[in-house]
Amino acid sequence: MNQLQPIEHKTVRFDGDEIVVVKADNEKIYAAVKWVCQGMQLTEGQYQNQTRKLSDDPVLIQGIAKMQLPTNSGVQDVLCIDLEFMPLWLAKINAGIISDEVIRNKVVSYQLKAKDVLAKAFMPSENVVPMSKDQALVTVLRTTADLVEDTQAIKEEQHEIRKLVTQIDQKVEEQITLTSGEQRRLQKAVASKVYELCDDPAERPSLFREIYREIKDRFAVASYKDVKQRELQSAIRYVENWIPRRVS
């Protein structure tokens, strides 16, 4: 989570409540999450739940930051949300399940109007054009649609990254050769096969040379040590089923 420096902060009255609004050092405008939750008359537990949801959401987390702001308990780290992300956050609160009509109307009012009212705190008054309820709703829906598109773009980018990682893993796997322990396993398989085929110590060296030569030819390597790690089991099975071209 970003830690930003507040350049300026103001207390803005909205729907009878006081909301802290901050201009940060990245030139964006933020609202203090706790003040917004208190304005909507959410309980402390509901506020804590909202902070978790903000941190867990892959889109909303991009719009939150902590800033050092004065509170009743002194200067503290305060969780704030970029006003551009505020409509999406508030839209995720289901006002329809709130039984208390006063609180339900509060939440709806924040969902429709809060962003624009709070943003006015840092706008020249002559540039402020009041929005109707319908205009505010359209703004919320457009912002939500834009953020949903951003989410899809993030998912597509993550998919491409996963594909690239898989391709790299496959290339690395193709290049990894036998470890010393795996080389020893292959050596034991070769020795076991040679001793199985030949009881004459004088003849065994020629069989060793022949089987190692055929391993190199079979797996296209300069030495049995260069057999790929992923082909170890195939190499062992090849040795176990190997038949010499001639038995002296």
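Before reading further, recall that the structure is shown in the block above.
Quick caveat: nothing in here was measured; it's all calculated off a predicted structure.

Trainee: Could you clarify how one ought to interpret the nonpolar core in this entry?
Mentor: Soluble, globular proteins show a tendency: their nonpolar side chains are buried together. Ranked by internal contacts, the top residues of the largest apolar core, which has 36 residues, are Val 36, Met 86 and Trp 89. Contributing elements (two or more residues each) for this core: strand S2 (6–14), strand S3 (17–24), strand S4 (29–32), helix H1 (33–39), helix H2 (44–56), strand S6 (74–82), helix H3 (86–91) and helix H4 (101–119). Looking at this core, the element that brings in the most residues is H4, giving six residues. If we ignore the near neighbours within four places in the chain, the residues touching Val 36 are Ile 19, Ala 31, Met 86, Trp 89, Leu 90 and Tyr 110. Counting residues in hydrophobic clusters, the runner-up holds 18 residues, among them Val 194, Leu 207, Tyr 224 and Val 227.

Trainee: What is the right way to read helix H6 (residues 180–197) from this model?
Mentor: For an α-helix, the turn length of 3.6 residues means that residues three or four places apart are oriented alike. The end-to-end C-alpha distance of H6 is 26 Å, a good match for the 26 Å that 18 residues give at a rise of 1.5 Å each. On its buried face, H6 sits against helix H7 (204–219) and helix H8 (232–240).

Trainee: Would you take a moment to explain the packing of aromatic side chains for this structure?
Mentor: Taken as a whole and judged by the stated rule, the model has three aromatic pairs. Summarising the aromatic geometry, the rings of Phe 14 and Tyr 110 are spaced 4.8 Å apart at their centres and angled 85° between planes, so their arrangement reads as edge-to-face. Note that Phe 14 is positioned in strand S2 and Tyr 110 in helix H4, a separation of 96 residues in sequence. The burial state of Phe 14 is the same as that of Tyr 110; both residues are buried. Look at Tyr 212 and Tyr 224: their rings are 5.1 Å apart centre to centre, the planes differ by 40°, and that puts the pair in the tilted class.

Trainee: Would you mind showing me how to read unusual backbone geometry here?
Mentor: Peptide bonds are, in most cases, trans, and in most cases residues other than glycine have a negative phi. A positive phi angle is found at Glu 27, which is not glycine, with a value near 70°. With respect to the helices and strands, the residue Glu 27 is situated in the loop between S3 and S4. Classification of Glu 27 as exposed rests on a relative accessible area of 52%.

Conventions and cut-offs
- Residues numbered from 1 in each chain as written.
- Predicted model: local features only at pLDDT ≥ 70, side-chain atom pairs only at ≥ 80, totals over all residues.
- Heavy atoms only, no water.
- Core = buried A, V, L, I, M, F, W, Y, C linked by side-chain atoms within 4.5 Å.
- Buried < 20%, exposed > 50% of the residue type's maximum accessible area, 1.4 Å probe, protein only.
- Helix = DSSP H or I, 4+ residues; strand = E, 2+ residues; numbered from the N terminus.
- Contact = heavy atoms within 4.5 Å.
- Expected span 1.5 Å × (residues − 1).
- Phe/Tyr/Trp six-rings, centres within 6.5 Å; stacked < 30°, edge-to-face > 60°.

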